[in-house]
Amino acid sequence: DFDSPRANAIRGLLPRGSEPDYGPLGRLRANGSSVRIFQDKSLRKLLDNLLPEIHDAQTDSDAISLGKELWDVVLAERYLGPAVASRLLTLANPGRFFSANGKSIPDLSKFLGIATSRLKEWRGYSEALMRLWSSSWFNSACPTRDDEAEAWASRVALVDALVYSP
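Residues numbered from 1 in each chain as written. Predicted model: local features only at pLDDT ≥ 70, side-chain atom pairs only at ≥ 80, totals over all residues. Heavy atoms only, no water.

Description of the overall build of the protein chain
Put simply, the rule reads: We count a stretch as a helix when DSSP gives it H or I for four or more residues in a row; a strand needs E for two or more, and each element gets its number in order from the N terminus. Any residue under 20% of the maximum accessible area for its type is buried, any over 50% is exposed, and the rest in between are partly exposed; the area is computed with a 1.4 Å probe on protein chains only. Using a 1.4 Å probe, the Shrake-Rupley method yields the accessible areas, and only the shown protein chains count as cover for residues.
Counting its regular elements, the protein chain contains 10 helices and zero strands. Helices and strands appear in the protein chain in the N-to-C order α-α-α-α-α-α-α-α-α-α. Taken across its 166 residues, the protein chain has 43% of its residues classed as buried. Of the accessible surface of the protein chain, which amounts to about 9300 Å², a share of 54% is contributed by carbon and sulfur atoms.

Thoughts on helix 3 (residues 41-56)
Basically, it comes down to this: What a helix is expected to span follows from its residue count: subtract one and scale by 1.5 Å.
Here helix 3 contains 16 residues, and its C-alpha end-to-end distance of 23 Å stays within 8% of the 22 Å for a straight helix at 1.5 Å per residue. Buried residues of helix 3: Leu43, Leu47, Leu50 and Ile54, and no others.

Some remarks on the pattern of salt bridges
Quick reminder of the rule: In the sections that follow, a salt bridge refers to a side-chain nitrogen of Lys or Arg positioned within 4 Å of a carboxyl oxygen of Asp or Glu.
This structure, assessed with the given rule, holds seven salt bridges. Between Arg44 and Asp48 there is a salt bridge, and its shortest N-O distance comes to 3.0 Å. Of this pair, Arg44 and Asp48 both sit in helix 3, four residues apart, which is roughly one turn of the helix. According to the relative accessible area criterion, Asp48 is partly exposed, its value standing at 39%. Across the pair Glu127 and Arg131 runs a salt bridge whose closest N-O atoms are separated by 2.7 Å. Taken as a pair, Glu127 and Arg131 lie in helix 8 (residues 122-133) at a separation of four residues, close to a single helical turn. Judged by its relative accessible area of 23%, Glu127 is partly exposed.

Remarks on the nonpolar core
Definition in use: Think of a nonpolar core as a cluster: buried Ala, Val, Leu, Ile, Met, Phe, Trp, Tyr and Cys residues, connected wherever their side-chain atoms sit within 4.5 Å. Residue contacts are counted whenever heavy atoms from the two residues lie within 4.5 Å of one another.
By size, the foremost hydrophobic cluster in this structure holds 36 residues, and its most contacted members are Leu70, Phe98 and Tyr125. For this core, the elements supplying multiple residues, two or more each, are helix 3, helix 4 (60-75), helix 5 (82-92), helix 6 (105-112), helix 8 and helix 10 (158-163). When residues of this core are assigned to their parent elements, the largest contribution, seven residues, is made by helix 4. With residues near it in sequence (within four places) discarded, Tyr125 still touches Trp71, Ser86, Leu89, Thr90, Phe97, Phe98, Ala100, Arg118 and Leu119.

Quick look at the packing of helix 3 against helix 4
In a pair of packed helices, the angle between the axes and the distance between the axes together describe the arrangement. Quick note on the threshold: Only the contacting stretch of a helix is used when fitting its axis, a line to C-alpha atoms as for every element, and angles between N-to-C directions run 0 to 180 degrees. Any angle from 65 to 115 degrees is called roughly perpendicular, while one under 35 is roughly parallel, one over 145 is roughly antiparallel, and all others are oblique. Helix crossings are classified by the rotation of the near helix relative to the far one: an anticlockwise turn of less than a right angle makes the crossing left-handed, while a clockwise turn makes it right-handed. Amino acids are sorted into nonpolar (Ala, Val, Leu, Ile, Met, Phe, Trp, Tyr, Cys and Pro), charged (Asp, Glu, Lys and Arg) and polar (every other residue, Gly among them).
Contact geometry for helix 3 and helix 4: axes closest at 10 Å, N-to-C directions at 160°. Classified by the angle between their axes, helix 3 and helix 4 sit roughly antiparallel to one another. Of the two possible hands of crossing, helix 3 and helix 4 adopt the one that is left-handed. Residues Leu43, Leu46, Leu47, Leu50, Leu51, Glu53 and Ile54 of helix 3 form the contact with helix 4, whose own contacting residues are Leu66, Glu69, Leu70, Val73 and Val74. Of the residues assigned to the contact of helix 3 with helix 4, the class counts are 10 nonpolar, no polar and two charged.

Considering the environment of Val73
Here Val73 shows up in helix 4. Distance in space between the C-alpha atoms of Val73 and Leu46 is 8.0 Å, their sequence separation being 27 residues. Other than its neighbours up to four places away in sequence, Val73 contacts Leu43, Leu46 and Leu50.

Focus: the confidence of the model for the protein chain
Going by this rule: Values of pLDDT, which run from 0 to 100, indicate the predictor's confidence residue by residue.
Looking at the protein chain, the pLDDT average stands at 83 and 77% of residues meet or exceed 70. Segment residues 19-25 is flagged for pLDDT under 50; beyond a separation of four residues in sequence, or across chains, it makes 16 contacts in the model. Here residues 27-31 is modelled with pLDDT under 50, and outside its nearest four sequence neighbours on either side it reaches 15 contacts, counting other chains as well.

Observations regarding the packing of aromatic side chains
Stated formally: Two rings belonging to Phe, Tyr or Trp (six-membered ring only in the last case) form a pair when the distance between their centres is within 6.5 Å. Interplanar angles under 30 degrees mark stacking, angles over 60 mark edge-to-face geometry, and anything in between is tilted. For a ring to carry a charge above it, either NZ of a lysine or CZ of an arginine must fall within 6 Å of the ring centroid while also lying within 35 degrees of the normal to the ring plane.
The tally for this structure, following the rule as stated, stands at five aromatic pairs. Through pairs of rings, three or more aromatic residues link up here, namely Trp71, Phe98, Trp122 and Tyr125. Note that Arg96 overlies the ring of Trp133, its terminal NZ or CZ placed 4.9 Å from the centroid.

If you want it as structure tokens, here you go:
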């Protein structure tokens, strides 16, 4: 239900001063236009078809191709930008994508050695992904303990948290 309190919390549409659990989407408040992801049926259908494919992407080539497709769909919408696109990619496949938003991009830029302006474009973001995917860290063996294996399976998504400084 798109009008439920949970959906409103995810969209950041609750009264000021309240501190609800926004879940993995964060506030998604960009000029209030991010709600289009939930309300525009044609956009929702595109995303509903793309997100499972992104989740199941096994090869670098598939992840890059599908990621670019989602990136282009999201950025074609007025007021939606790379923060929303990268967050959706990360939620769909946290083992391959990371969130890049206004507050984390400067730190991601330093960490990855890619200019902030380039991280806001698909070419720079995908370059960052390929750097991560080619690293020995990314290609290391999965840990055997369940809790470690769970974190390992989402390791690319954790890059944002590791470099972010408030």
